[in-house]
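Here is how the chains run, residue by residue.
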Amino acid sequence: MRLIPFIAFLFFGHSHMIAQTVSKNNDEEVNKIDMRMSRTACREGEILVKFKPKSAVSVKRRANGKFSTSSVSSVDAVLKDIGVEEMEQLMPNMGNAQPAKARMRIRDRKMQQAATENLSKLYRMKLSSKGNDLSSPIEKLKALDEVEFAEPNYLVFTTATADDYQNEPLYPVQWGLNTVNLPQLWAVPVSENRPVIAILDTGVDVSHPDLEANIWTNAREANGEEGYDNDNNGFKNDVHGWDFINKTGNIADYNGHGTHCAGIAGAVGDNGVGVVGANPNALIMPVTVMQSDGVGDVATIIRGIDYAAANGADVISMSFGSYAASTALEQALGRAYQSAVLVAAAGNDGFCLNHRHPEKGQ
């Protein structure tokens with residue numbers, strides 16, 4: 001899988017961390033990506049476009065949510081020509097906001113501090129004409145002075161996926177914990193403030209007996225009135241997170257991959273059930289960005305990143321990958337990196353992007 005350069009690598013493989021998934025074979029949990037096609041696989045009729053922050057573009061939508069105008073006549077002419085029907089702002093919360101707890105700064109390849117991108121004008125476009133050949137509309141968008149970049153909405157795929165926590169029934173099969181010396185870390189006194197790990201995946205089984213006690217709760221929504229956006233974050237009833245696939249706060253997992261990853265990160269310890277997570281003191285924030293078949297797209301993942309960062313995630317876990325190179329995703333991760341540790345899967349196919357392997361036909 002292609003990895004964004006500044007992602008922090010903290011996980012240690014997809015060991016089976018939840019009791020009900022122990023018998024599963026890893027090959028059954030992953031999408032086998034066809035390398036001949038995956039560099040260009042994208043959502044039909046969808047383009048990600050970023051207008052320059054200082055441009056006069058100001059997107060307006062009708063009451064039904066359909067695109068109305070960009071407020072710039074030359075831009076509107078092109079949008080009409082390529083058949084734009086809808087435009088969705090991808091980072092409404094963190095696009096231009098400075099995080100309240102900025103702890104990290106982005107550095108470039110020469111380790112110089114890099115500027116944080118303004119993503120307030122990053123949009124997903126939906127065109128009236130469907131199809132994967134988006135080269136012509138993308139070139140027309142790039143020709144506009146107001147546009148910084150335009151690219152397809154690429155597809156992304158899930159990858160395979162002090163208390164005496166060692167007394168858990170399935171602890172003996174958790175080889176990864178001792179490999180990275182986590183038992184020694186558990187002996188270190190912990191802060192009263194429990195870290196929040198956002199799991200961007202297929203969802204999480206929030207009622208799972210080895211996860212339920214560690215599921216993050218949005219207190220203002222939990223104590224507020226049902227059916228209202230009590231915390232004014234743009235999501236009604238997001239008591240335990242948000243499902244961007246079904247657009248609901250009712251979190252479930254119809255694939256199992258997200259629950260699997262949540263168990264690796266923060267399964268409850270010392271409860272005599274199943275396994276123990278890498279940090280059993282952590283809270284799990286479920287953010288559903290992948291469909292039940294394990295396929296997602298860059299635009300939805302960016303919305304999930306925006307939600308997680310804006311709602312206080314200390315760690316954003318992303319166990320998925322793609323061979324496509326997305327500028328939009330890289331910039332969105334750069335903004336989130338100011339306030340959260342980013343964790344990514346390292347890929348399961350042994351494909352190396354740094355240099356060629358003739359013996360593998362690469």
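Residues take numbers from 1 onward in each chain, read along the sequence in its written order. The predicted origin of the model limits local features to residues at a pLDDT of at least 70 and limits the giving and counting of side-chain atom pairs to 80 or more, whereas totals for whole chains, interfaces and linings rest on all residues. For the side-chain quantities, the full set of heavy atoms in the structure was used; hydrogens and water were omitted.

### Some details on the overall build of the protein chain
When its secondary structure is counted, the protein chain shows 8 helices and 13 strands. Throughout, exposure labels follow a simple rule: accessible area from a 1.4 Å probe, protein chains only, divided by the maximum for the residue type, with under 20% read as buried, over 50% as exposed, and the rest as partly exposed. The 362 residues of the protein chain split such that 52% are buried. In this description a helix means any DSSP run of H or I spanning at least four residues, a strand means any run of E spanning at least two, and both kinds are numbered starting from the N terminus.

### Some remarks on the nonpolar core
Here, the term nonpolar core denotes a set of buried Ala, Val, Leu, Ile, Met, Phe, Trp, Tyr and Cys residues that are joined through side-chain atoms within 4.5 Å. In terms of nonpolar packing, the biggest core is built from 42 residues, with Leu200, Met285, Ile302 and Ile316 touching the most fellow members. Of all the elements in the fold, those that place two or more residues in this core are β6 (147-158), β7 (196-201), β9 (283-288), α7 (298-310), β11 (315-318) and α8 (327-336). Any pair of residues with heavy atoms lying within 4.5 Å of one another is described as a contacting pair. Ile302 has contacts with Leu90, Met91, Leu122, Ala328, Leu329 and Ala332, leaving out every residue within four places of it along the chain. Listed in part, the 23 residues of the second largest apolar core include Phe51, Met125, Leu144 and Ala150.

### Overview of the pattern of salt bridges
A pair is scored as a salt bridge if a Lys or Arg side-chain nitrogen falls within 4 Å of a carboxyl oxygen belonging to Asp or Glu. Here the structure, examined in full by the defined rule, presents 11 salt bridges. When the shortest N-O distance is used, the salt bridge between Lys66 and Glu86 registers 3.2 Å. You can see Lys66 sitting in the loop between β2 (60-61) and β3 (67-69) and its partner Glu86 sitting in strand β4 (residues 84-89), a full 20 residues away along the chain. What makes Lys66 partly exposed here is its relative accessible area of 29%. In this structure, the salt-bridge partner of Arg303 is Glu88, at a minimum N-O distance of 3.2 Å. Relative accessible area serves as the criterion here: at 11%, Arg303 is assigned to the buried category. Three or more residues are tied together by salt bridges with common partners; here these are Arg43, Glu46, Glu88, Arg124, Asp297, Arg303 and Asp306.

### Some details on helix α2 (residues 135-142)
If you check which residues of α2 are buried, you get Pro137, Ile138 and Leu141. End-on, the buried residues of α2 take up no more than an arc of 100°, which puts them together on one face. Summarising the contacts, the buried residues of α2 are in contact with β1 (42-51), α1 (73-82), β5 (122-127) and β6. Picture the helix axis, draw a direction to every C-beta atom, and the arc is the one those directions span.

### A look at the sheet that holds β7
Ordered in space as β8-β9-β7-β11-β13, the 5 strands form an open sheet in which the pairing is parallel. Each edge of the open sheet carries a strand with a single partner, namely β8 (242-243) and β13 (341-344). Here a strand pair is declared whenever DSSP counts at least two bridges between the two strands. Where β11 lies against β13, 4 bridges are found, and the strand directions are parallel. Directly across from Val315, in β13, lies its bridge partner Val341. Angles run from 0 to 180 degrees between N-to-C directions of axes, and those axes are lines fitted to C-alpha atoms, restricted for helices to the stretch in contact. The strands that α7 touches are β7, β8, β9 and β11; relative to β7, the one it contacts most, it runs at about 170°.

### Focus on the packing of aromatic side chains
In summary, the pairing rule links any two rings of Phe, Tyr or Trp, Trp by its six-membered ring, whose centres are within 6.5 Å, and it sorts them by plane angle into stacked for under 30 degrees, edge-to-face for over 60 and tilted for everything else. The full count for this structure, using the stated rule, is 5 aromatic pairs. With a centroid separation of 5.1 Å and 85° between ring planes, the pair formed by Phe235 and Tyr307 is classed as edge-to-face. In this pair, Phe235 is assigned in the loop between α5 (219-222) and β8 and Tyr307 in helix α7, connecting sequence segments 72 residues apart. The buried category is assigned to Tyr307, whose relative accessible area is 0%.

### What to know about the environment of Val273
Relative to the assigned elements, Val273 resides in the loop between α6 (257-266) and β9. What makes Val273 partly exposed here is its relative accessible area of 28%. Along the chain, Val273 and Leu211 lie 62 residues apart, while their C-alpha atoms are 9.9 Å from each other.

### A short note on the confidence of the model for the protein chain
Here the protein chain averages 83 in pLDDT, while 78% of its residues score no lower than 70. For every residue, the pLDDT score states the predictor's confidence, bounded by 0 at the bottom and 100 at the top. Low pLDDT (under 50) marks residues 1-28, which in the prediction has 97 contacts with non-local residues, meaning those over four places away or in another chain.

### Concerning the pairing of β7
Walk down a regular strand and you will see the side chains alternate between the two sheet faces. Of all 6 residues in β7, 6 are buried; the element is thus mostly enclosed. On β7, burial covers both faces: Val196, Ala198 and Leu200 on one face and Ile197, Ile199 and Asp201 on the other are all buried. Sheet topology places β7 next to β9; 6 bridges connect them, and they run parallel. Considered in β9, the bridge of Val196 is made with Leu283. Taken together, the 4 bridges between β7 and β11 define a ladder with parallel strand orientation. Across the sheet, residue Ile197 finds its bridge partner in β11, namely Val315.

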